Amino acid sequence: MTAQTATLPPLKLFLAAPRGFCAGVDRAIKIVEMALEKWGAPVYVRHEIVHNKFVVDALRAKGAVFVEELDDCPPDRPVVFSAHGVPKAVPAEAARREMIAIDATCPLVTKVHNEAARHFENGVQLIMIGHAGHPETVGTIGQLPDGEVLLVETVADVAGLRVRDEARLAFITQTTLSVDDTAEIAAALLQRFPAILAPAHEDICYATTNRQMAVKAVAPRIDALLVIGAPNSSNSKRLVEVGKAAGCTYSQLIQRAADIDWRALAGIGSVGITAGASAPEVLVNEVIDAFRARFDTTVELVETAVETVEFKVPRILREPA
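Note that this is a predicted model, so its numbers are computed, not measured.

This part is about the overall build of the chain. Of the regular secondary structure elements, the chain holds 12 helices and 12 strands. By principal-axis analysis of the C-alpha atoms, the chain measures approximately 70 × 55 × 30 Å. A separation of at least 24 residues holds for 77% of the contacts in the chain among residues at least 6 apart in sequence. Element-wise, carbon and sulfur atoms account for 53% of the exposed surface of the chain, whose accessible area totals about 14700 Å². If the 32 positive side-chain charges of the chain are averaged to one point and the 40 negative ones to another, these points end up 2 Å apart.

Set out below in structure tokens:
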């Protein structure tokens with residue numbers, strides 16, 4: 001022990017794994033970088049490619065231009081659709097304008113889109129469990145005509161649903177929800193509509209589920225939980241909620257080390273650290289370094305799963321210019 005660490009209070013950091021980037025986020029960032037390499041700057045991106053300011057700023061510095069609507073993009077430059085997915089009308093308009101459009105929608109979100117389309121073709125009305133206004137929810141509901149997808153956010157919303165035919169219903173979910181909360185809403189749907197069709201395979205993505213399981217494993221062992229992620233990141237906010245529900249009452253969302261409330265952590269002995277699926281590992285290391293500067297820190301990895309998923313980038317980026 002050095003003279004410096006002898007004067008620092010001891011602290012144990014529990015590092016949750018899996019954490020941080022998922023395969024869909026990795027792919028989306030790679031798509032923007034490859035588009036810049038292929039066509040040069042600027043490349044336009046409709047909506048934040050992923051919900052993380054650090055990532056968006058880094059891509060902006062390389063020549064990406066982030067816009068909210070397709071109308072903000074010139075027709076002679078490539079446009080990338082974000083990992084959250086877009087309503088069907090957006091790629092249709094890009095095609096009408098003869099734009100080079102690259103779809104960075106996460107394949108697991110596309111799976112939900114395809115699921116919704118199959119039900120629609122079979123004359124089944126959809127109920128979506130999700131958060132109003134979230135880009136993924138907007139994109140999924142926008143795959144079908146108005147009225148074909150009804151949104152519920154809570155168990156209470158289920159009671160107020162007015163459906164076309166109780167015998168021809170199915171439900172889908174946003175991919176970044178709390179596993180436990182979604183199970184409660186699904187149970188309420190099944191209780192009210194016994195004939196409703198559930199997803200053949202879980203809509204909540206593997207990465208969301210894995211990160212929540214890791215937090216559940218860490219939560220009973222810590223005095224505080226810090227979740228590194230953006231305030232508009234659904235999966236990051238769910239990790240905070242999961243931490244609190246699993247027994248860690250001080251669970252906070254931070255964007256990076258500068259956001260840590262050190263006064264609130266005074267006198268504690270253990271802290272858990274995780275990161276949402278859009279947060280890069282460099283921000284995790286920044287937080288660990290901040291703790292090491294203030295505490296005699298030991299780090300323990302708590303790993304509940306190993307992720308090996310990879311997604312290919314679209315063919316247009318694999319072909320020569």
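Now for the pattern of salt bridges. One pass over the structure, following the stated rule, counts 15 salt bridges. Of the charged contacts in the structure, one is a salt bridge between Glu281 and Arg19, with a shortest N-O distance of 2.6 Å. Of this pair, Glu281 sits in helix 11 (residues 281-294) while Arg19 is found in the loop between strand 1 (10-17) and helix 2 (23-39), placing the two residues 262 residues apart along the sequence. Overall, the relative accessible area of 32% leaves Glu281 in the partly exposed class. In this structure Arg19 comes out as buried when scored by relative accessible area, which is 18%.

Okay, unusual backbone geometry next. The omega torsion of the bond from Ala17 to Pro18 falls at 5°, within 30 degrees of zero and hence cis. You will see that His47, though not glycine, has its phi angle at about 70°, which is positive. For His47, the position within the fold is in the loop between strand 2 (43-46) and helix 3 (53-62). Residue His47 is classed as buried on the basis of its relative accessible area of 15%.

Overall, parallel pairing links the four strands, which are arranged 3-2-4-5 in an open sheet. Strands at the two margins of the open sheet, each flanked by one partner only, are strand 3 (64-67) and strand 5 (101-103). When the angles between neighbouring strand axes are averaged without regard to direction, this sheet yields 25°. Across three bridges, strand 4 (residues 79-81) lies against strand 5 in parallel orientation.

Turning our attention to the sheet that holds strand 1. What the five strands build is an open sheet, ordered 10-9-11-1-12; its pairing is parallel. Of all strands in the sheet, those with a lone pairing partner are strand 10 (251-254) and strand 12 (296-303), marking the two edges. Strand-to-strand twist across the sheet, computed as the mean angle between neighbouring axes with direction ignored, equals 25°. Packed on one face of the sheet, helix 10 (residues 234-245) meets strand 9 (224-228), strand 10 and strand 11 (270-275) and runs near 165° to strand 10. The strands that helix 11 touches are strand 1, strand 9, strand 10, strand 11 and strand 12; relative to strand 11, the one it contacts most, it runs at about 165°.

Topologically, His119 is positioned in helix 5 (residues 107-121). You can call His119 buried: its relative accessible area is 14%. Setting aside residues no more than four positions away along its own chain, His119 makes contact with Val124, Leu126, Ala170 and Leu197.

Another point: the packing of helix 9 (residues 206-218) against helix 10. Between helix 9 and helix 10, whose axes approach to 9 Å, the crossing angle comes to 30°. Taken together, helix 9 and helix 10 sit at an angle that is classed as roughly parallel. Two packed elements cross with a definite hand, and for helix 9 against helix 10 that hand is right-handed. Of helix 10, the residues touching helix 9 (which contributes Thr208, Arg211, Gln212, Val215 and Lys216) are Asn235, Arg238, Leu239, Val242 and Gly243.

Attention now goes to the pairing of strand 7 (residues 149-152). Both strand 6 (residues 125-129) and strand 7 contribute to a ladder of four bridges, which runs parallel. Of the residues in strand 7, the one forming a bridge with Leu126 is Val149.

This part is about the environment of Gln125. Within the fold, Gln125 resides in strand 6. Overall, Gln125 belongs to the buried group, its relative accessible area being 4%. Distance in space between the C-alpha atoms of Gln125 and Val163 is 7.8 Å, their sequence separation being 38 residues. With near-sequence residues (within four places) excluded, Gln125 lies in contact with Gly147, Glu148, Leu150, Val163, Arg164, Asp165, Arg168, Leu169 and Ala170.

With that settled, consider the packing of aromatic side chains. All chains considered together, the criterion is met by three aromatic pairs. Taking 4.9 Å as the distance between ring centres and 70° as the angle between the ring planes, the aromatic pair formed by Trp262 and Phe291 counts as edge-to-face. Of this pair, Trp262 sits in the loop between strand 10 and strand 11 while Phe291 sits in helix 11, and the two are 29 residues apart along the sequence. Of the residues examined, Phe291 reaches a relative accessible area of 0% and is grouped as buried.

Basis of the calculations
Each chain has its residues counted from 1, following the order in which its sequence is written. The predicted nature of this model means local features are confined to residues of pLDDT at least 70 and side-chain atom pairs, given and counted, to a pLDDT of 80 or more, with totals for whole chains, interfaces and linings taken over all residues. Note that the side-chain values use all heavy atoms of the structure and ignore hydrogens as well as water. Labels follow the DSSP assignment, with helices taken as runs of H or I lasting at least four residues and strands as runs of E lasting at least two, numbered in each case from the N terminus. The contact rule is simple, with two residues in contact once any of their heavy atoms fall within 4.5 Å. Surface accessibility follows the Shrake-Rupley procedure with a 1.4 Å probe radius. Residue values consider only the protein chains on display as shielding. Charge assignment: positive for Lys and Arg, negative for Asp and Glu; neither His nor the chain ends contribute. A single reference atom marks each charge: NZ on Lys, CZ on Arg, CG on Asp, CD on Glu. Here a salt bridge means any side-chain nitrogen of Lys or Arg lying within 4 Å of a carboxyl oxygen belonging to Asp or Glu. Each residue's exposure class comes from its accessible area (1.4 Å probe, protein chains only) as a fraction of the maximum for that residue type: buried when under 20%, exposed when over 50%, partly exposed otherwise. The criterion for strand pairing is that DSSP finds at least two bridges linking the strands in question. Axis definition: a line fit to C-alpha positions, over the contact stretch in the case of helices; interaxial angles, taken between N-to-C directions, run 0 to 180 degrees. Any angle from 65 to 115 degrees is called roughly perpendicular, while one under 35 is roughly parallel, one over 145 is roughly antiparallel, and all others are oblique. Helix crossings are classified by the rotation of the near helix relative to the far one: an anticlockwise turn of less than a right angle makes the crossing left-handed, while a clockwise turn makes it right-handed. Working definition: rings of Phe, Tyr and Trp (its six-membered ring) pair if their centres are within 6.5 Å, and the pair is stacked with planes under 30 degrees apart, edge-to-face with planes over 60 apart, and tilted otherwise.

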